[in-house]
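These are the residues of each chain, in order.
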Amino acid sequence: MNPIPLKPGIYWVGALDWALRSFHGYTTGRGATYNAYLIVDEKIALIDTVKAPFAGEMFSRIARVAPPESIDYLISNHVEMDHSGAIPLALERMPKARVITSVQGAKGLAAHYGDRGYHAVKAGDSLSLGGRTLRFVPTPMLHWPDNMLTYCPEERLLFSNDAFGQHIACGQRFDDEAPMDAVMQEAAKYYANIVMPFPAQTKAALRALEGLECDLIAPSHGVIWRAHIAQILQAYGRWSDNDPPKAAVVAFDSMWHSTERMAVEIADAFIARGVPAKLRDLKAYHMSDIATDLLEAKYLAVGSPTLNNNMLPTVAALLTYLRGLAPKGRKGFAFGSYGWGGQAAGQVQEMLAAAGIDILCEKIRHPYVPDAASLAGLRRQIDGLSL
Ligand code: FEO
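Residues numbered from 1 in each chain as written. Predicted model: local features only at pLDDT ≥ 70, side-chain atom pairs only at ≥ 80, totals over all residues. Heavy atoms only, no water.

J.: Mind showing me how you'd approach the domain arrangement of the protein here?
T.: Interfaces are often sized by the accessible area lost when the parts come together. When cut into domains, the protein gives domain 1 (4-240) and domain 2 (248-383). If you average the C-alpha positions of domain 1 and of domain 2, the two centres end up 38 Å apart. On the domain 2 side, the residues contacting the 13 residues of domain 1 number 12 residues. Of all residues in domain 1, Asn 193, Met 196 and Pro 197 bury the most surface against domain 2, accounting for 42% of the area lost on that side. Linking domain 1 with domain 2 are 2 salt bridges. Here Asp 289 and Lys 189 are joined by a salt bridge, their closest N and O atoms 2.9 Å apart. Summed over the shared surface of domain 1 and domain 2, the number is 7 residue pairs in polar contact (both at pLDDT 80 or more). Taken together, the elements giving at least two residues each to the side of domain 1 that touches domain 2 come down to strand 5 (26-27), helix 5 (180-195) and helix 7 (229-241). Among the residues making up the side of domain 1 that touches domain 2, the classes are represented as 8 nonpolar, 3 polar and 2 charged. (Domains from an automatic or database assignment. Contact = heavy atoms within 4.5 Å. Buried area = accessible area lost by both parts, 1.4 Å probe. Salt bridge = Lys/Arg side-chain N within 4 Å of Asp/Glu carboxyl O. Polar contact = N/O pair within 3.5 Å; in protein donor to acceptor, adjacent residues only side chain to side chain. Helix = DSSP H or I, 4+ residues; strand = E, 2+ residues; numbered from the N terminus. Nonpolar A, V, L, I, M, F, W, Y, C, P; charged D, E, K, R; others polar.)

J.: What is the right way to read helix 8 (residues 258-272) from this model?
T.: Given 3.6 residues to a turn, an α-helix orients residues that are three or four positions apart in the same direction. The end-to-end C-alpha distance of helix 8, which contains 15 residues, comes to 21 Å, matching closely the 21 Å that a straight helix rising 1.5 Å per residue would cover. The elements touched by buried residues of helix 8 are strand 17 (248-252), strand 18 (277-281), strand 19 (299-303), strand 20 (331-338), strand 22 (364-367) and helix 12 (372-383). Backbone geometry just downstream of helix 8 places Gly 274 in the positive-phi region, at approximately 85°. (Expected span 1.5 Å × (residues − 1).)

J.: I'm lost on the packing of aromatic side chains in this one. Help?
T.: Tallied over the full model, the rule gives 8 aromatic pairs. We note Arg 226 situated over the ring of Phe 174; from NZ or CZ to the ring centre the distance is 4.0 Å. In this structure, Arg 365 is placed above the aromatic ring of Tyr 338, and the distance from its NZ or CZ to the ring centre is 4.6 Å. (Phe/Tyr/Trp six-rings, centres within 6.5 Å; stacked < 30°, edge-to-face > 60°. Lys NZ or Arg CZ within 6 Å of the ring centre and 35° of its normal.)

J.: Even after reading the chapter, I still don't get the side chain of Arg 330, so can you show me in this structure?
T.: The topology assignment puts Arg 330 in the loop between helix 10 (313-325) and strand 20. Buried charge without a partner: Arg 330 forms no salt bridge, and the closest opposite charge is Glu 296, 7.0 Å away. A polar side-chain atom of Arg 330 sits 2.6 Å from the main-chain carbonyl oxygen of Lys 328. In this view, Arg 330 contacts Asn 242, Pro 244, Leu 294, Leu 295, Ala 297, Lys 298, Gly 356, Ile 357 and Asp 358; residues no more than four positions away in its chain are not counted. (Buried < 20%, exposed > 50% of the residue type's maximum accessible area, 1.4 Å probe, protein only. Lys, Arg positive; Asp, Glu negative; His and termini not counted.)

J.: Even after reading the chapter, I still don't get the sheet that holds strand 12 (residues 126-128), so can you show me in this structure?
T.: What links the strands of a sheet is backbone hydrogen bonding, and the strands pair in either a parallel or an antiparallel sense. Spatial strand order, 12-13-14-15-16: 5 strands in an open sheet with mixed pairing. Where the open sheet ends on each side, the last strands, each with one partner, are strand 12 and strand 16 (216-219). The average undirected angle you get between the axes of adjacent strands in this sheet is 20°. With 3 bridges joining them, strand 14 (residues 148-152) and strand 15 (residues 157-161) adopt antiparallel strand pairing. When the sheet's bridge partners are listed, Tyr 151 is paired in strand 15 with Leu 158. (Pairing = 2+ DSSP bridges. Axes fitted to C-alpha atoms, helices over the stretch in contact; angles between N-to-C directions.)

J.: Help me out: how do you make sense of the nonpolar core in this one?
T.: One recurring pattern in soluble globular proteins is that nonpolar side chains are buried together. Judged by nonpolar contacts, the single largest core of 92 residues is most densely connected at Leu 46, Phe 164, Trp 225, Tyr 236 and Trp 239. Two domains each provide a minimum of three residues to this core, namely domain 1 (4-240) and domain 2 (248-383). Ignoring any residue separated from it by four or fewer positions in sequence, one finds Trp 225 in contact with Phe 164, Gln 166, Asp 175, Met 180, Val 183, Met 184, Ala 187, Asp 215, Leu 216, Ile 217, Pro 219 and Ile 232. Ile 10, Leu 127, Met 148 and Phe 174 belong to the second-largest nonpolar core, a separate cluster that totals 24 residues. (Core = buried A, V, L, I, M, F, W, Y, C linked by side-chain atoms within 4.5 Å.)

J.: Got a minute to help me understand the environment of Ala 204 in this structure?
T.: Along the chain, Ala 204 turns up in helix 6 (residues 199-210). Taking the C-alpha atoms as reference points, Ala 204 and Ala 297, 93 residues apart in sequence, are found 24 Å from one another.

J.: Even after reading the chapter, I still don't get the pattern of salt bridges, so can you show me in this structure?
T.: Side chains that differ in charge, positive against negative, can pair when their charged atoms come close. Counted under the stated rule, the structure contains 23 salt bridges. Here Arg 61 and Glu 57 are joined by a salt bridge, their closest N and O atoms 2.6 Å apart. Of this pair, Arg 61 and Glu 57 both sit in helix 1 (residues 55-63), separated by 4 residues, roughly a single helical turn. The exposure class assigned to Arg 61 is buried, which follows from its relative accessible area of 7%.

J.: It is not clear to me how the state of the cysteines should be interpreted in this structure. Could you clarify?
T.: Covalently bonding the sulfur atom of one cysteine to the sulfur atom of another cysteine gives a disulfide. If you walk through the whole model with that rule in mind, you get 0 disulfides. Cysteine Cys 152 shares no disulfide, and the gap to the nearest cysteine sulfur, in Cys 214, comes to 11 Å. (Disulfide = S-S within 2.5 Å.)

If you want it as structure tokens, here you go:
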């Protein structure tokens, strides 16, 4: 397993997880990477580790640069186990390594792995490796309380951990070597599914980075940014503005195609008004992809028929997921067909509001099968919306 040089004396020593298809419920069709970095100076520092099953891969890369037992510091930018899982083994293989982490990181690591004498750093603290310095920038709730960035001013190199990451396994380590369409799609999906709940914290981190000159941004997932740094910073700025374009997502599930007919009509009505719309049948589209669609859409219509006095479980799962992501700056409404009872559309409307979606209009319901006249009425309702 080869280490990949970023700059003289600085190496990528992470691991590729080609087969990962779910990252706590978010689909990862292109797999994932767990990036760790080794800096060889008068002192040697390892920046983050990898998910526990990949510790062997990481150490095989490290061993080609330096004996693990010679490592002086382990910088833990984030407690989540995809980056800290190999720390227990690392501390066995790196007996003199001192673990440097944020104040919350020390608490989190102790909760996961026991108290191993973690050294907590605060904003502005730094560590000299000899010729290079590491400066620490806490970024709490981007996306856990413990997150921090590590910046090396002499190399103009930022180790950004989860920020600016992408779940993608590929043979290329740098943005200008990799297919940028795929990289940006995965960066957007990562933001939507991991970072979206924290726009204020994202803005704070972007402000903190304004004063830092960066030749490289090395995240803990995906490719390293060197040719498209401005593009990813601009994307994070735009996404965290929560002012998406006038586009619509129409997400639904259906039992006997009645709610589906309504969904098709709603999507078509949006398109006829000049609002691009995506039709997302929950039998075909995963909720993490719909969250990604919502990154670029101001409007969200969610439909469910009523089954045993409830919305369909697929719709409930989507709405529960969106409530956690708490998208801001979006407007939406509920719709659905029903035979009797007809509770689902009201439940969907309540869940949309609970997710922070501004309600555009009263829920739209149709009994049994919508005919041409009822679909025309539905279209008039969409035509009457203030978009
Ligand atoms: Fe990549 Fe929050 O862990």
